[in-house]
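One-letter residues, chain by chain:
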Amino acid sequence: MLKPEILNKLRAVVGNSHVLSEPEDMIVYSNDATILSAKPEAVVQPANRDEVAEVVRLAARYNIPVTCRGAATCLSGGTIPLKGGIVLELTRLNQILNIDKVNKIAVVQPGVITFDLITAAGNVGLLYPPDPSSMKESTLGGNVAECAGGPKGVKYGITRDFVLGMEAVLSDGSIIQTGNAVDGDMCGPDWTMLLTGSEGTMAVITSITLRLVPLPAVKKTMMAIYDRLEDAAKTVSVTMAAGIIPTTLELMDNLSIVSVEKYLKIGLPVKAGGLLLIEVDGVLSTVEENARRVSEICKQCGATEVKIAQTPQEAEDLWRARRSINPAFGQVAPCKFAEDATVPRSLVPVLVEKIMSIQEKYDVPIFNMGHAGDGNMHPTIMFDKRNKEQMARAEQALDEVHIVTLELGGTLSGEHGIGCAKAPYLRAETGATGYKIGREIKQAVDPLGILNPGKMFFYEGKLH
Ligand SMILES: Cc1cc2nc3c(=O)[nH]c(=O)nc-3n(C[C@H](O)[C@H](O)[C@H](O)COP(=O)(O)OP(=O)(O)OC[C@H]3O[C@@H](n4cnc5c(N)ncnc54)[C@H](O)[C@@H]3O)c2cc1C
C-alpha cells in the first residue's frame, strides 16, 4: 500500500476517482492472460500525456515501480506488477487523433482498441494490417509495446512494420518524440524500434504514428481440410516456396477443430487431422489466380477438400472459428502455457512434428496451431495447476518447446513478448553478450529501474 501522502499527490494529478487502492481493486489488476499474478499498491488512470508524465515524475521521486497496462491481454506476464507499486492504466488515452488519407498515416493514443483503428481506417479505404486475434480487446499501446502480430503477418508484416514514430514518457517524466510521419526517417539510430517491443520497460507510450496501406479490392477465404496435420503443415512451406504470398495461412490441429466446434457449433470438420485457413487478397485477377494455385498446392499436399467461402458471412464464420480457439481452451483444461514459438517458414512442418512428439512424451494436451504462414506457431500446453504432477509435466513440455524452437534457428517469441513468463529463456536466445547489452540499454534509459521491473533482461529467477 502506498503512503496516504503519495496517494493524495496522485489524486491531485488524475482526480480522485482515477486512483484505485482498495484491496479488491488490487486483485482485479493483479493478472493478465497468463496464470501469473502479483498485486499492485495502486492503480492510476491518467487522461492525457501530461498526467502520465506527472505520475511518472512522482513515481521516480519516491522510487515506485510503474507497470503500464492496456487491455491486459498479454500472454507473457508483461502486465503483472511483479514489484507492486503503480499500475498505470492507459485506456483513457483512447482517441484516434488523425487519419491522413493522402499520406496513409494514423496518429493514435495508446488506449485505442486495435479493431477500432482497423474499422476507422477501413471506412476511408485504408487498412491497418496487424490483426492479433485479441484485436477486439487489445490496445494499440499494448500492441506496440509487445510488437504484436496476427494472421495477416504473412503478407503484411507485424506491428513494427507499421510504427513510424511515437511520443513517450521516460522514467524521469521527460518526453521523447521518436521517428517521423515521413516514411524512411534516417536520422541516427532508430529509437522508435528501440521502444517497439520494449514491453513497458523503457518508456510509457503516449501517442503512436502508424502506417496504413490501401484496402485490398477483393479477398477470398478458403479452408483446406486434411486427414494428417503434417500434410497441412507441409502445405505452408510448399506454398511459400512456390512464390505465393497469401494474406493468411493459419493452421489448426484436431484438438483446436474439435474444441472450437463444441464451442461454436458451426459445422467444422471434427474428423480432420488438421486444417488451413487461407486468405488471399489484392486485385481480382491476382486473387483468383492465387486462390486457384493455392488450392492446387493444398490438394497436391494431401488436402481432402478445399472449401472457398461463398459469402462474406461464410468467410467471417471461418475467422470466428480461428479467433475462438482461445475461448475454447477452457474445455480441455483450466490452465495454459500459450507459446508463440517461431521458426523459419520452411521448418514449420518440422516444428509441428516435434510438438506432436513433445505432447506424446509428456502426456499433456497441446493445441498445435498458429500463424503458420509466417512460421509463428502457437503450441498451447494445457494443464490443471492444482494437479502438481501434471503441471510439472507441462513445465517440462514447455522447456522442450523452447529448446526445440531455438535449435531450429527460431525465436522464443514471434509476437507475445518475453515479460516474465519467457524471461528464463531469454539469455539462451540472445547469448551472453546480447543479454548484457540488453541490461545496459535498459539501465541507460531507465536508470532508477522503475519501469516494469523484474521483466525481460531484469528477470530475477533462474536463467536457462
Ligand atoms: C485470446 C487472445 C488472443 C491473442 N492473440 C494474439 C495474436 O494473434 N497476436 C499477438 O501478437 N498477440 C496476441 N495475444 C496477446 C496480446 O493480445 C497482445 O500481446 C497485445 O498486444 C496486448 O495488448 P494489451 O492492450 O492487452 O496490452 P497489455 O496486456 O495491457 O500490456 C502488454 C505489455 O505492454 C505494456 N504496455 C501496455 N501499454 C503500454 C504503453 N502505453 N506504453 C508502454 N508499455 C505499455 C505492458 O506493460 C505490458 O508489458 C492474444 C491474447 C489473447 C488473450
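Residues numbered from 1 in each chain as written. Predicted model: local features only at pLDDT ≥ 70, side-chain atom pairs only at ≥ 80, totals over all residues. Heavy atoms only, no water.

A. Layout of the sheet that holds strand β1 (residues 19-20). Read from one edge to the other, the open sheet built from 4 strands follows the order β1-β2-β4-β3, with strand pairing classed as mixed. A strand with exactly one partner marks an edge of an open sheet, and here the two such strands are β1 and β3 (66-69). Both β3 and strand β4 (residues 86-89) contribute to a ladder of 4 bridges, which runs parallel. Pairing of Cys-68 across the sheet is with Leu-88, part of β4. Packed on one face of the sheet, helix α3 (residues 49-62) meets β2 (42-44), β3 and β4 and runs near 170° to β4. (Pairing = 2+ DSSP bridges. Helix = DSSP H or I, 4+ residues; strand = E, 2+ residues; numbered from the N terminus. Contact = heavy atoms within 4.5 Å. Axes fitted to C-alpha atoms, helices over the stretch in contact; angles between N-to-C directions.)

B. Broad picture of helix α13 (residues 348-362). Compared with an ideal rise of 1.5 Å per residue, which puts 15 residues at 21 Å, α13 spans 21 Å between its outermost C-alpha atoms and is within 8% of the ideal. Taken together, the buried positions of α13 are occupied by Val-348, Pro-349, Leu-351, Val-352, Ile-355, Ile-358 and Tyr-362. Its buried side turned inward, α13 meets α8 (229-241), β13 (248-253), β17 (366-367), β19 (376-377) and α14 (388-407). After α13 finishes, the residue Asp-363 shows a positive phi value of roughly 50°. (Expected span 1.5 Å × (residues − 1). Buried < 20%, exposed > 50% of the residue type's maximum accessible area, 1.4 Å probe, protein only.)

C. Just the site of the ligand, in detail. Near the ligand there are 35 residues, and of these Cys-68, Gly-70, Thr-73, Ser-134 and Thr-139 occur at the shortest range. Between the ligand and the protein, one listed contact pairs an oxygen atom with a side-chain N or O atom of Thr-73 at 2.6 Å. Contacts to the ligand include Asn-452, whose side-chain N or O atom sits 3.5 Å from an oxygen atom. Alone, the ligand offers 970 Å² of accessible surface; in the complex the protein occludes 95% of this. At 5 residues, the largest contribution of residues to the shell around the ligand is made by helix α5 (residues 140-146). Among the residues forming the shell around the ligand, the class breakdown is 14 nonpolar, 17 polar and 4 charged. (Near = heavy atom within 4 Å. Polar contact = N/O pair within 3.5 Å; in protein donor to acceptor, adjacent residues only side chain to side chain. Areas by Shrake-Rupley, 256 points an atom, 1.4 Å probe, with all protein chains shown as cover. Nonpolar A, V, L, I, M, F, W, Y, C, P; charged D, E, K, R; others polar.)

D. Inspection of helix α9 (residues 254-264) at higher detail. Those residues of α9 that fall on the buried side of the exposure criterion are Ser-256, Ile-257, Ser-259, Val-260, Glu-261 and Leu-264. In this fold, the buried residues of α9 make contact with β13, β14 (274-282), α11 (312-323), α12 (325-328) and β17. Just past α9, the residue Lys-265 takes up positive phi, approximately 50°.

E. Here's a closer look at the environment of Tyr-128. Structurally, the position occupied by Tyr-128 is in the loop between β7 (126-127) and α5. A residue is classified by how much of its surface remains accessible, and Tyr-128, at 0% relative accessible area, is buried. Separated by 31 residues in the primary sequence, Tyr-128 and Thr-159 place their C-alpha atoms 9.4 Å from one another. When sequence neighbours within four positions are dropped, the list of residues in contact with Tyr-128 reads Thr-114, Leu-117, Ile-118, Ala-121, Leu-140, Thr-159, Phe-162, Leu-210, Arg-211 and Leu-212.

F. Main features of the packing of α13 against α14. Relative orientation of the contacting elements α13 and α14 amounts to 160°, with a least axis distance of 10 Å. Taken as axis vectors, α13 and α14 run roughly antiparallel relative to one another. As for how α13 packs across α14, the hand of that crossing is right-handed. The residues of α14 that touch α13, namely those facing Leu-351, Lys-354, Ile-358, Lys-361 and Tyr-362, are Arg-393, Gln-396, Ala-397, Glu-400, Val-401, Val-404 and Thr-405. (Parallel < 35°, antiparallel > 145°, perpendicular 65-115°, else oblique. Left-handed = near helix turned anticlockwise from the far one by under 90°.)

G. Broad picture of the domain arrangement of the protein chain. Segmenting the protein chain into domains produces domain 1 (4-89), domain 2 (96-214), domain 3 (216-327) and domain 4 (332-440). The centre of domain 2, based on its C-alpha atoms, is set 26 Å off from the matching centre of domain 4. Each partner contributes to the roughly 660 Å² buried at the junction of domain 2 and domain 4, and carbon and sulfur atoms together form 43% of this total. It is Glu-146, Val-154 and Glu-199 in domain 2 that bury the most area against domain 4; as a group they hold 54% of the surface buried on that side. Viewed at the interface, domain 4 and domain 2 are joined by 0 salt bridges. Here domain 2 is connected to domain 4 by 2 residue pairs in polar contact (both at pLDDT 80 or more). (Domains from an automatic or database assignment. Buried area = accessible area lost by both parts, 1.4 Å probe. Salt bridge = Lys/Arg side-chain N within 4 Å of Asp/Glu carboxyl O.)

H. Structural context of the pattern of salt bridges. Evaluation of the coordinates by the stated rule reveals 20 salt bridges. One salt bridge connects Glu-167 with Arg-49, and the closest N-O pair in it is separated by 3.0 Å. Taken together, the residues span a long stretch of sequence, with Glu-167 in strand β8 (residues 163-169) and Arg-49 in helix α3 at a distance of 118 residues. In this structure Glu-167 comes out as buried when scored by relative accessible area, which is 13%. Judged by its relative accessible area of 29%, Arg-49 falls in the partly exposed class. A salt bridge links Asp-131 to Lys-152, with the shortest nitrogen-to-oxygen separation between them at 3.7 Å. Within this pair, whereas Asp-131 is found in the loop between β7 and α5, its partner Lys-152 is found in the loop between α5 and α6 (153-156), the two being separated by 21 residues in sequence. No difference in accessibility class separates Asp-131 from Lys-152, as the two residues are buried. Look at the salt bridges and you will find they share partners, linking Arg-49, Asp-50 and Glu-167 into a network.

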